[in-house]
Amino acid sequence: MKDWRPQTWAVRAQAEESTHHEHSVPMFLTSSFVFEDSEEMRAAFAGEIDRNIYARFTNPNVEELSEKVRRLEGAEAGHSMATGMAAVFATFGALLSSGDHILACRSLFGSTHTILTKILPRFGITHTYVDAADPDSWPGEIRENTRMIFVETPTNPAVDLVDLKWLGKLAAEKGVILVVDNCFATPILQRPIEFGAHLSLHSATKYIDGQGRVMGGVVVGGKDLVQEIYDFARATGPSLSPFNAWVLSKSVETLEVRMEKHSENALVAARWLEGRTGVASVRYPFLPSHPQYKIAKSQMSGGGGVLAFVVEGGLEQGKRFMDSVKLCSLTANLGDTRTIVSHPASTTHAKLTEEERQAVGITPGLIRISVGLEDLRDVIADVEQALEASTT
Ligand SMILES: *Cc1c(COP(=O)(O)O)cnc(C)c1O
């Protein structure tokens, strides 16, 4: 059993069988767990025996999910929380103290940006932003008090990449904790731990659920760091509900086949878009025209389900494209079986200044597509008619 491959663990890891001998894991909807006697209870609280105590601390469904994701990523340990942002904040909260500095790639998920710019400074934790496209500038920005490097790759929404092998080496050289938000690539397409990342985290809400139903977050990595994050979460309470954990753990079983299909569909769609009338440019990691194509090929086993393209014209054409789609959903999510389109300049990134948007690669006509699992011919037909409607 010990030499199972990661995908077998993703399907087969299961909380211990109950007296009913179920084949699939039951949902453990209980807020606490009972003890035989005072001695067992004492030993559990003292940490002398491995035992569930209270659902804010541990729950079999939650642990099963963490175990599957850690196996897929080749990490020593993992812990799951209520949302992706809970995992991000618990990572900062557990590992950083007043006076610490974070080096972060400028293109970040909006709420992570809010934590870095609005929340952490109140606790004396500062940051410097660097550009994905300019890695040479990074080493010079590492200070004596830099404790963490935080990146997303591929980035949202411009689909830029960070060279993980290079960054893993830099982090090791400087003695800094490297954290990778691996949400877009998933544990299937990219394993940051293998490149020297200390922690890899996910919004499980996206591809791990993959069907737009529940929220969750997972962080995996070295035992000691994950223990600190667990202790922080156990005390502060962003616990994942057993129901969501049960759904997510079931979803991990099909993550590999879904990611292969998402990647296949997105590559075909990206190729179809490239060079079309009305399309100024297309960004997808596995398109040879991507400026970081070589990096993509060296660290990802598939390009993922997200692509970005720029409609000719600009803001108005971008909005018109959004108004013209009939099949694709206009919704604030990604990583769903249903194809989702978004127009960052008028929505998620509307509050930024023009220069700030430029700095993270968001031009007025940029459209992000999270390519789903419908029959791709229907998706492409929808995009085609929307392109025509928006550019004529
Ligand atoms: C969605 C997302 C998050 C936040 O996850 P939630 O589950 O919404 O809290 C963090 N990082 C990335 C890259 C995301 O796409």
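The preceding data block contains the structure.
Residues numbered from 1 in each chain as written. Predicted model: local features only at pLDDT ≥ 70, side-chain atom pairs only at ≥ 80, totals over all residues. Heavy atoms only, no water.

1. Looking at the overall build of the chain
Of the regular secondary structure elements, the chain holds 15 helices and 12 strands. For a compact globule of 392 residues, the expected C-alpha radius of gyration is about 21 Å, and the chain comes in at 22 Å, within 12% of that figure. Expressed along its principal axes, the backbone C-alpha trace of the chain runs to roughly 75 × 50 × 35 Å. Buried residues in the chain amount to 53% of all 392 residues. Sequence-distant contacts, at least 24 apart, represent 72% of the contacts inside the chain between residues at least 6 apart. As presented, the chain carries roughly 17700 Å² of accessible surface, and 51% of it is formed by carbon and sulfur atoms. Here the chain contributes 38 positive and 49 negative side-chain charges, whose respective centroids are spaced 2 Å apart. (Helix = DSSP H or I, 4+ residues; strand = E, 2+ residues; numbered from the N terminus. Rg over C-alpha atoms; globule rule 2.2 N^0.38 Å. Buried < 20%, exposed > 50% of the residue type's maximum accessible area, 1.4 Å probe, protein only. Contact = heavy atoms within 4.5 Å. Areas by Shrake-Rupley, 256 points an atom, 1.4 Å probe, with all protein chains shown as cover. Lys, Arg positive; Asp, Glu negative; His and termini not counted. Charge placed at Lys NZ, Arg CZ, Asp CG, Glu CD.)

2. Side note on unusual backbone geometry
In this structure, Pro-154 follows Thr-153 across a cis peptide bond, with omega equal to -5 degrees. As for its position among the elements, Pro-154 is in the loop between strand E4 (146-152) and helix H7 (164-174). Cis geometry is adopted by the peptide bond preceding Pro-157, which originates at Asn-156 and carries an omega value of 0 degrees. Looking at the secondary structure, you find Pro-157 in the loop between E4 and H7. For His-21, which is not glycine, the phi torsion reads 55 degrees and is therefore positive. Mapped onto the elements, His-21 comes out in the loop between helix H1 (6-12) and helix H2 (38-45). According to the relative accessible area criterion, His-21 is exposed, its value standing at 58%. Unusually for a residue other than glycine, Val-159 sits at a positive phi of about 60 degrees. If you trace the backbone, Val-159 turns up in the loop between E4 and H7. Using a relative accessible area of 1% as the deciding quantity, one classes Val-159 as buried.

3. Considering the packing of helix H4 (residues 84-95) against helix H9 (residues 223-236)
Viewed as axis vectors pointing N to C, H4 and H9 meet at an angle of 105 degrees, and their least axial separation amounts to 8 Å. It follows from the interaxial angle that H4 and H9 lie roughly perpendicular. Every residue of H9 that contacts H4 at Phe-89, Ala-90, Thr-91, Gly-93, Ala-94 and Leu-95 is listed here: Leu-225, Glu-228, Ile-229 and Phe-232. Counted by class, the contact of H4 with H9 contains 7 nonpolar, 2 polar and 1 charged residues. (Axes fitted to C-alpha atoms, helices over the stretch in contact; angles between N-to-C directions. Parallel < 35°, antiparallel > 145°, perpendicular 65-115°, else oblique. Nonpolar A, V, L, I, M, F, W, Y, C, P; charged D, E, K, R; others polar.)

4. Things to note about the side chain of Glu-22
Considering the arrangement of structural elements, one finds Glu-22 in the loop between H1 and H2. Nearest to the buried, unbridged Glu-22 among oppositely charged side chains is Arg-12, at 12 Å. Side-chain polar atoms of Glu-22 contact the side chain of Ser-18, separated by 2.8 Å. Those residues in contact with Glu-22, other than ones at most four positions away along the chain, are Gln-14, Glu-16 and Glu-17. (Salt bridge = Lys/Arg side-chain N within 4 Å of Asp/Glu carboxyl O. Polar contact = N/O pair within 3.5 Å; in protein donor to acceptor, adjacent residues only side chain to side chain.)

5. Some remarks on the sheet that holds strand E3 (residues 126-130)
Pairing within the open sheet is mixed, and its 7 strands lie in the order E1-E7-E6-E5-E4-E2-E3. Strands with a single pairing partner mark the edges of an open sheet, and in this sheet they are strand E1 (77-81) and E3. Taking each pair of neighbouring strands and ignoring which way they run, the sheet shows an average axis angle of 20 degrees. In terms of strand pairing, strand E2 (residues 101-105) meets E4 through 4 bridges, oriented parallel. (Pairing = 2+ DSSP bridges.)

6. Let's talk about the pattern of salt bridges
Under the counting rule described, the total for this entry stands at 15 salt bridges. A salt bridge links Arg-42 to Glu-39; its shortest N-O distance comes to 2.9 Å. You can see Arg-42 and its partner Glu-39 sitting in helix H2, 3 residues apart, about one turn around the helix. The class of Arg-42 is partly exposed, set by a relative accessible area of 39%. Relative accessible area serves as the criterion here: at 43%, Glu-39 is assigned to the partly exposed category. Arg-42 is paired through a salt bridge with Glu-48; the nearest N and O atoms lie 2.9 Å apart.

7. What to know about the sheet that holds strand E8 (residues 279-283)
If you trace the 5 strands from one edge of the open sheet to the other, you get E8-E9-E12-E11-E10, paired in mixed fashion. Strand pairing shows two members of the sheet lacking a second neighbour, E8 and strand E10 (329-330), which therefore form its edges. Summarising the sheet, strand E9 (residues 306-311) and strand E12 (residues 366-370) pair through 5 bridges and their orientation is antiparallel. Of the residues in E12, the one forming a bridge with Phe-309 is Ile-367. Of the strands in this sheet, E8 and E9 are in contact with helix H11 (residues 255-273), which crosses E9 at around 15 degrees.

Geometric values such as these leave the question of function open.
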